[in-house]
Amino acid sequence: MAITQDGDQLFGITETTINSLVVESFTLSKNGNRIDLNDGDGEPIGAVITEGRTEVSATVQAGVGSAPTIGQEITLSSGYDTNTTMVITSVEKTETAADYARFSLGGYLKIN
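All values derive from a computational prediction rather than experimental measurement.

**Examining the pairing of strand β5 (residues 84-96)**
Here's step 1: As defined by bridge partners, strand β4 (residues 73-77) adjoins β5 across four bridges and the pair is classed as antiparallel. Pairing of I74 across the sheet is with M86, part of β5.
Here's step 2: Sheet topology note: the β5/strand β6 (residues 100-109) ladder contains nine bridges and is antiparallel. Among the inter-strand pairings, S90 is bridged to a residue of β6, identified as G106.
Here's step 3: Count of turn residues in the β5/β6 antiparallel hairpin: three residues.

**Describing the side chain of T59**
Here's step 1: Structurally, T59 is set in strand β3 (residues 44-63).
Here's step 2: When its relative accessible area of 18% is taken as the criterion, T59 is described as buried.
Here's step 3: Once you skip the residues sitting within four places of it in the chain, T59 turns out to touch V22, V23, E24, S25, R102, F103 and S104.

**Here's the deal with the packing of aromatic side chains**
Here's step 1: All told, the structure shown has zero aromatic pairs when counted by the stated rule.
Here's step 2: One Lys or Arg, R53, reaches over the ring of Y108 and ends 4.2 Å from the middle of that ring.

**Considerations on the nonpolar core**
Here's step 1: Counting 14 residues, the largest nonpolar core has V60, M86, I88, F103, L105 and L109 as the members making the most contacts within it.
Here's step 2: Sorting the residues of this core by element identifies β2 (21-38), β3, β4, β5 and β6 as the ones contributing at least two each.
Here's step 3: Apart from residues no more than four positions distant in its own chain, L109 is found in contact with L28, T54, V56, L76, T84, T85 and M86.

**A look at the confidence of the model for the protein chain**
Any segment with low pLDDT has predicted coordinates that should not be analysed in fine detail.
Here's step 1: For the protein chain, per-residue confidence averages 79 on the pLDDT scale, and 77% of positions sit at 70 or higher.
Here's step 2: Mean pLDDT per element in the protein chain: strand β1 (residues 17-18) is the minimum at 43, and β6 is the maximum at 91.
Here's step 3: Residue range residues 13-19 is modelled with pLDDT below 50. Its contacts to residues more than four positions away, or to other chains, number 20 contacts.

**Observations regarding a nonpolar patch on the surface**
Here's step 1: Residues I35, L37, I45 and V48 make up a contiguous nonpolar surface patch of roughly 330 Å² in combined accessible area.
Here's step 2: Counting residues per element, the ones that place at least two in the nonpolar patch are β2 and β3.
Here's step 3: Positionally, V48 belongs in strand β3.
Here's step 4: Overall, the relative accessible area of 34% leaves V48 in the partly exposed class.

**Some remarks on the pattern of salt bridges**
Here's step 1: Counted according to the given criterion, the structure contains six salt bridges.
Here's step 2: Where R102 meets E24, a salt bridge forms, and the shortest distance between an N and an O atom there is 2.7 Å. Placement of R102 in strand β6 and of E24 in strand β2 is noted, with a sequence separation of 78 residues between them.
Here's step 3: A relative accessible area of 18% means that R102 is categorised as buried.
Here's step 4: Residue class for E24 comes out partly exposed when judged on its relative accessible area of 32%.
Here's step 5: Bridged by salt links that share partners, the residues E24, E95 and R102 form one connected network.

Rules used in this analysis
By convention here, each chain's residues receive numbers from 1 onward along its written sequence. Predicted model: local features are reported for residues with pLDDT of at least 70 only, side-chain atom pairs are reported and counted for 80 or more only, and whole-chain, interface and lining totals are derived from all residues. By convention in this description, side-chain values take in all heavy atoms of the structure and omit both hydrogens and water. Pairing between strands is defined by DSSP: at least two bridges between them are needed. In this description a helix means any DSSP run of H or I spanning at least four residues, a strand means any run of E spanning at least two, and both kinds are numbered starting from the N terminus. Partly exposed residues are those whose accessible area sits between 20% and 50% of the maximum for their type, while under 20% is buried and over 50% is exposed, using a 1.4 Å probe and protein chains only. Contact criterion: two residues are considered in contact whenever any of their non-hydrogen atoms come within 4.5 Å of each other. Centres within 6.5 Å are what make two rings of Phe, Tyr or Trp a pair, Trp counting through its six-membered ring; a difference in plane orientation under 30 degrees is then read as stacked, over 60 as edge-to-face, and the rest as tilted. Two limits define a charge over a ring: the Lys NZ or Arg CZ must be within 6 Å of the ring centre, and within 35 degrees of the ring normal. Side-chain atoms within 4.5 Å link the members of a nonpolar core, which is a set of buried Ala, Val, Leu, Ile, Met, Phe, Trp, Tyr and Cys residues. On a scale of 0 to 100, pLDDT captures the predictor's confidence in every residue. Only residues whose relative accessible area exceeds 30% and that form no salt bridge enter a patch; like-charged residues are grouped when within 9 Å of one another, and nonpolar side chains (Val, Leu, Ile, Met, Phe, Trp, Tyr) when within 5 Å. Accessible surface is estimated by sampling points in the Shrake-Rupley manner with a 1.4 Å probe; for residues, cover comes only from the protein chains shown. Just to be clear on terms, a salt bridge is a Lys or Arg side-chain nitrogen sitting within 4 Å of an Asp or Glu carboxyl oxygen.

Right, dumping it as structure tokens:
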């Protein structure tokens, strides 16, 4: 069966975008830390789990001349969430074509 892009079906990821970038892949990773609580004699009396920050990794396409930068804050929008901000901590250009460039981004979700 041949795939013909005639406008009848949507191709690619249509719900998740990062501003003017096209998202190819997107991953959220949430971590936590276990903190052991001890009494005055060093004996364990319990443990607490603290939530860590949410790390983000994404592969995006941008038009030529519009590269994301480290420290840039981008608003993430999807069908269910429009108020999430990602802070970029790493940018790596992985491919360049005539009309776009592909980047691997790393970062974290901003809490406030």
